[in-house]
Amino acid sequence: PRSIASLGIFDPSYTMTAPVRTRMSGALDSAAQEIEPYLHARSDAVNFADIERNVRVGVSLMLNAITKLTGEAYLRDPEVAVQLAMTAYISGIQISKTGVGTGWPHQLSFEVPHYISHGECCALALPYYVAGFGESRPERVRFIGRLYQENGIQEEVNLDALSGKKLGVAVANIMLEKQRQLGD
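Residues numbered from 1 in each chain as written. Predicted model: local features only at pLDDT ≥ 70, side-chain atom pairs only at ≥ 80, totals over all residues. Heavy atoms only, no water.

Once that is clear, we can look at the overall build of the protein chain. The secondary structure content of the protein chain amounts to 7 helices and 0 strands. Along its sequence from the N terminus, the protein chain presents helices and strands in the succession α-α-α-α-α-α-α. Per-residue burial over the protein chain gives 45% buried out of 184 residues. Of the contacts made within the protein chain by residues no fewer than 6 positions apart, 74% connect residues no fewer than 24 positions apart. When the accessible surface of the protein chain is split by element, carbon and sulfur atoms take 56% of a total near 9800 Å². (Helix = DSSP H or I, 4+ residues; strand = E, 2+ residues; numbered from the N terminus. Buried < 20%, exposed > 50% of the residue type's maximum accessible area, 1.4 Å probe, protein only. Contact = heavy atoms within 4.5 Å. Areas by Shrake-Rupley, 256 points an atom, 1.4 Å probe, with all protein chains shown as cover.)

So, in structure tokens, the structure goes:
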């Protein structure tokens with residue numbers, strides 16, 4: 001049976017003292033929960049515009065927050081905590097709006113919990129998952145790539161000139177570049 005909470009309480013202050021790796025893992029998990037259903041959602045769905053907006057807002061918040069998490073003052077920045085809470089909230093909405101759930105990155109994460117965190121596994125698998133949609137959902141893959149480019153990642157890559165596998169690989173590389181910038 002489908003279960004949807006009637007009330008959710010988000011208090012970003014609870015995350016202010018969490019280790020940066022924990023906060024980063026949660027943010028990356030949220031991004032996967034926003035992107036995976038977007039890749040599966042039907043284009044003719046009544047709520048497709050909402051689904052796409054959730055990806056834009058949620059992923060943009062996540063990228064901004066994790067960039068700040070790598071700075072010195074991340075623990076004292078309530079704006080980062082609010083952005084992380086909002087991206088988590090949006091990711092929950094995303095799953096319930098599409099009705100398709102998540103995909104392979106999330107499924108994989110349940111196989112390796114002893115080695116890396118759930119969010120880290122989602123982050124590692126997500127770029128390759130997105131790349132696989134270069135042929136079947138090129139506009140969505142391009143959209144995801146542009147969100148990362150708007151955050152300053154490989155802005156010089158002309159995604160409009162690419163299609164199919166080349167597009168998918170280019171967007172995966174953009175996503176992986178962001179992860180490389182974050183470090184361990």
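That was the structure; now back to the text.
A few words on the pattern of salt bridges. By the definition in use, this model includes 9 salt bridges. Between Asp-50 and Arg-53 there is a salt bridge, and its shortest N-O distance comes to 3.0 Å. Placement of both Asp-50 and Arg-53 in helix α2 (residues 48–69) is noted, with a separation of 3 residues, approximately one turn of the helix. The class of Arg-53 is partly exposed, set by a relative accessible area of 44%. Note that Lys-68 and Glu-79 form a salt bridge whose closest N and O atoms lie 2.8 Å from each other. Taken as a pair, Lys-68 in helix α2 and Glu-79 in helix α3 (residues 78–98) lie far apart in primary sequence, 11 residues in all. One network of salt bridges, in which partners are shared, links Glu-139, Arg-142, Arg-146 and Asp-160. (Salt bridge = Lys/Arg side-chain N within 4 Å of Asp/Glu carboxyl O.)

This part covers unusual backbone geometry. In this model, Gln-154 sits at a positive phi of 45 degrees, which is unusual for a non-glycine residue. Within the fold, Gln-154 resides in the loop between α6 (138–150) and α7 (164–182).

This next bit is on the state of the cysteines. Tallied over the full model, the rule gives 0 disulfides. Cysteine Cys-121 remains unbridged, with the sulfur of Cys-122 as its closest cysteine sulfur at 6.0 Å. Among the residues examined, Cys-121 registers a relative accessible area of 4% and is labelled buried. (Disulfide = S-S within 2.5 Å.)

Right, let's talk about the packing of aromatic side chains for a bit. Tallied over the entire structure, the rule returns 3 aromatic pairs. Seen from their ring centres, Tyr-38 and Phe-48 are 6.0 Å apart, and the 20 degrees between their planes marks the pair as stacked. Taken as a pair, Tyr-38 in helix α1 (residues 20–40) and Phe-48 in helix α2 lie far apart in primary sequence, 10 residues in all. Residues Tyr-38 and Phe-48 agree in their burial class; the two are buried. Centroid distance Tyr-129 to Phe-133: 5.2 Å. Interplanar angle 70 degrees. Geometry classified as edge-to-face. Its relative accessible area of 12% is what places Tyr-129 among the buried residues. When its relative accessible area of 13% is taken as the criterion, Phe-133 is described as buried. Counting every residue linked through ring pairs, the aromatic cluster contains Tyr-38, Phe-48 and Phe-143. Over the ring of Tyr-38 we find Arg-140, and its NZ or CZ is 5.5 Å from the ring centre. (Phe/Tyr/Trp six-rings, centres within 6.5 Å; stacked < 30°, edge-to-face > 60°. Lys NZ or Arg CZ within 6 Å of the ring centre and 35° of its normal.)

With that settled, consider the nonpolar core. By size, the foremost hydrophobic cluster in this structure holds 39 residues, and its most contacted members are Met-62, Ile-66, Val-130, Ile-144 and Tyr-148. Looking at this core, the elements with two or more residues in it are α1, α2, α3, α5 (118–131), α6 and α7. The biggest single contributor to this core is α2, with 9 residues. The contacts of Ile-144, once residues within four sequence positions are left out, are Ile-35, Tyr-38, Leu-39, Val-130, Val-171 and Met-175. (Core = buried A, V, L, I, M, F, W, Y, C linked by side-chain atoms within 4.5 Å.)

In short, the description is geometric, and any link to function would need to be established separately.
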